[in-house]
Amino acid sequence: MLHSATMLPAFLLLFFMGTSIRLSETMSRDEKSKLRNQVLEMFDHAYQNYMDHAYPADELMPLTCRGRVRGLEPSRGDIDDALGKFSLTLIDTLDTLALLNKTVEFEAAVRRVVKDVRLDNDIVVSVFETNIRVLGGLLGGHSMAVMMKESGRMLWYQNELLHMAKDLGLRLLPAFNTSSGLPYPRVNLRYGVRGPETRTGTETDTCTACAGTIILEFAALSRFTGDPTFEAHARRALDFLWEKRQRNSNLVGTTINIHSGEWVRRDSGVGAGIDSYYEYLMKAYILLGDDQFLQRFNTHYASIMKYISQPPLLLDVHIHKPLLPARTWMDSLLAFFPGLQVLKGDIRPAIETHEMLYQVTKKHNFLPEAFTTDFRVHWAQHPLRPEFAESTYFLYKATRDPYYLEVGRSVLENLNRFARVPCGFAAMKDVRTGSHEDRMDSFFLAEMFKYLFLLFAEEEDLPFNVEDYIFTTEAHLLPLSLSTASNSQAPPVVNNMAGEELDDSNFEWTCPNTRLLFPDPAYPRNLREPIRSAVDKSCPRPTTHREPGMGRPPLRAQDFMANNPEHLELLRRMGVSLIHLKDGRVQLVQHATQAVSAVAAEDGMRFMQEMMELSSQQQKEQLPPRAVQIVSHPFFGRVVLTAGPAQFGLDLSKSSSGVRGFVTVAEPYNGCSELSNSEIVAGRIALLQRGQCMFAEKARHIQKAGAIGGIVIDDNEGSSSDTAPLFQMAGDGRNTDDVTLPLLFLFHKEGNILLEALKEYKEVEVLLSDKARDRGTDGAEEEDCSTEEKDHSSSTSSEPVDQSQVTTQEQTAGVGQDAVQPVEGLGSYIPVDVGEEPAVDGDSGSQSMDSLMADWQEDLEAFKQMEKDEL
């Protein structure tokens, strides 16, 4: 890990590169109108497919064209806690329908929700997700219904959505029954949190955002109903988080114990796990007019800009030692932050960070779930998140720079080209290959289309003045008039830190008038230019004042010998220790604070970086995932399945066009003997079932039959690339140069999509390639800079050390632990044997999938934590 505070800014600036879209002229009203209409058409495509194929289920599965019902589909873990059998997507979309002028559909949707949705379900749900999506959706829908009733429509409406919102609020309240006031992360909608029938209430930890993203919805509910209970509980949770902030850095951690208030994860940033806590402090001030919220936000914001902001990057730090970075990658949820900075009035860093995010988007078509400081993929998924579009809209509102309209156009185009499928829009399983995931989250309809429509809309296109409302973190609309609404009595003050006074020196009393900020339209452009044009230069090395014993050039990773006493002494001076693991590998751990000097710590940082680069070179020998793209009617390339490669046969990465052909099922299906239907297989891509013989043997049989390619489908029912890492199909121990066709592997779920398409349409044509080809255009290939680099790892062996098997890892700084423990969110080892499929196509072999999964477990857990924090 990289732990030199003095080197950090230079290290980060080293990676800025890339080009920008051509500086645009002012976009014409006709062009904006076309884009606005395109947004409406895309919304209709997503919404109507949900209603046709999924309702009343919570979400649409756009690849299989059916609804996702919790308990009927394989569990996805914490992410499924958002599903409560309450027609989530419909409720989340209510105020989007109203904003997009779809009044007939809105009224019909309200009637459906009132008639069909029941909240008394024996099901455990996320308090955070249910609050922002369902409670927020009901309140936003109620606000829109009241507005329409006042204008003479929906005269039948009698606050039914508000009654449902209060019912739901009461069902969430038991989660707040803790000594701290922080809510349990989950609640049973029927039984609460106590008792064996609830199946919850045993959790001890929650994320900061989970506990701190309640105030807008609960305060609105209190003020709509006149019941102060909800607002009081939300305020108490915020008071407790404020009290538990780290007093020196004024930062909060990512995860907190709901009973003791101890920080469980002490890393602090503006992305997953914390993001909307900061957002709600600012927006609570705007909605409720309470000065205390603004003071707290300003205090936190000053620390964010002092420690976390490394313009234009935003990197997590440790709350107790905020000059030490906690990781060298960023997650996509921080893309909301430039929009929040616009609300704050701090436009310069908003422009800079947004431009950095746009450069990442240009390289990968979408923001990967996590990416490194040199814009490479860290986690390749993209679940169609709206945060980048949100910040784009707010920056356009603040600057009126048409550049942001062009950015919005690129968002639209990428959604249509890469995510659109016949039954909606599918999340990206891997932005590198363009493969899809059978998932369309409710926030896609709730947020993405709101912000894109507002970006291209003129004032006369809007059914109401959006300046009269505030957007929640789920983009639900709450009227600012609530600031003067009575909630029957003043909310009780709990944990309010007696004697605390407002500190005027750290208090900005007014929000900016953005219409007066930019008399010079070139101002935003001038801020973007350095980010786009910065070049990749080496970090300057200190040449003087080296510590005793460090006068010579520092130890290079490629020269390191684990049995060389002089090398071990040099490592010690650089704060790097070597640990021999039970399995024969050695692990390198850097403690920058244990180096003999700042210069030595810097040398240690460089050594660790070199070691990771050497390990990464070893990793590059492994093959990345491949894509199976269904190109025939009615898919036309819009369904892409993630496939595993083979270590033999045609290398698709060296084929400019891939292999295209119609698929047919081999007979026998296992492909373990000569095919009986070779006349049908000839000239086609053969579908095979895994098992009973080796992969290479299957490939030889279909090649002899004249096939041009093969796809092996897993025989383990329920397996999916959603829940298991891909692997490479190994040879049979013999020379496999005779195999010249490409062979790919699909898990059972993805393979079943292909088989079902073949069953329904008889003739199905696919493209086997290294990544999905552009749908609808023949444009040049994008620059490929998505090689995945982990900042944490490499596995290792003996002396002299094989650099492909050195594990580099960082000790949790500032926690006070002596033992080496992986930092959650950083992961542990790069599994150097990720491509080694067992030698026999079955359960036997040199390495089992269980072993491979164990190697990946910590990084998977970090990703799950991110999804738990915000999904």
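Residue indices begin from 1 for each chain and proceed along its sequence in written order. Local features in this predicted model are restricted to residues whose pLDDT is 70 or higher, and side-chain atom pairs enter the listing and the counts only when it is 80 or higher, whereas totals over whole chains, interfaces and linings include all residues. Only hydrogens and water are set aside when side-chain values are computed; all heavy atoms of the structure are taken into account.

Enquirer: With reference to specific residues and values, describe the overall build of the protein chain.
Expert: Helical segments are the DSSP runs of H or I of at least four residues, strand segments are the runs of E of at least two, and each set is numbered from the N terminus. Across its full length, the protein chain holds 23 helices and 30 strands. Buried, partly exposed and exposed residues are distinguished by accessible area as a fraction of the type maximum, computed with a 1.4 Å probe on protein chains only: under 20%, between the cut-offs, and over 50%, respectively. A buried classification covers 63% of the 871 residues belonging to the protein chain. Exposure was quantified through the Shrake-Rupley algorithm and a 1.4 Å probe, taking into account, for residues, occlusion by the shown protein chains and nothing else. For the protein chain, the computed accessible surface area is about 32200 Å², with 49% contributed by carbon and sulfur atoms.

Enquirer: Account for the sheet that holds strand β23 (residues 626–630), naming residues and giving values.
Expert: Here the rule is simple: two strands pair whenever DSSP picks up at least two bridges between them. In space, the 7 strands of this open sheet follow the order β24-β23-β29-β25-β26-β27-β28, with mixed pairing throughout. Edge positions in the sheet fall to β24 (639–643) and β28 (743–746), since each has one partner strand and no second. Taken over all neighbouring pairs, the strand axes of this sheet differ in orientation by 35° on average, direction set aside. Relative to strand β29 (residues 765–769), strand β25 (residues 659–665) is paired through 4 bridges, and the arrangement is antiparallel. Every axis in this analysis is a line fitted to C-alpha atoms, fitted for helices over the stretch in contact. Angles between the N-to-C directions lie between 0 and 180 degrees.

Enquirer: Explain the packing of aromatic side chains residue by residue, including any values.
Expert: Pairing of aromatic rings covers Phe, Tyr and the six-membered ring of Trp, with a centre-to-centre limit of 6.5 Å; geometry is then stacked below 30 degrees between planes, edge-to-face above 60, and tilted otherwise. Taken as a whole and judged by the stated rule, the model has 26 aromatic pairs. Measuring from centroid to centroid gives 5.3 Å for Y277 and Y278, while their planes differ by 50°, and the two rings are tilted. Like Y277, the residue Y278 is buried in the burial classification. Relative to F444, the ring of F425 has its centre 5.4 Å away and its plane inclined at 55°; by these criteria the two rings are tilted.

Enquirer: Now, about unusual backbone geometry: what can you tell me, with residues and values included?
Expert: A cis amide bond links Y55 to the next residue, P56, at an omega of 10°. Considering the arrangement of structural elements, one finds P56 in the loop between α2 (29–53) and β1 (59–61). Here E667 and P668 are connected by a cis peptide whose omega angle stands at 5°. Inspection of the secondary structure puts P668 in the loop between β25 and α20 (678–681). In this model, S87 sits at a positive phi of 50°, which is unusual for a non-glycine residue. The exposure class of S87 is buried, given its relative accessible area of 4%. Even without glycine at this site, L384 takes up a positive phi of about 60°.

Just geometry here; none of it tells us what the structure is for.
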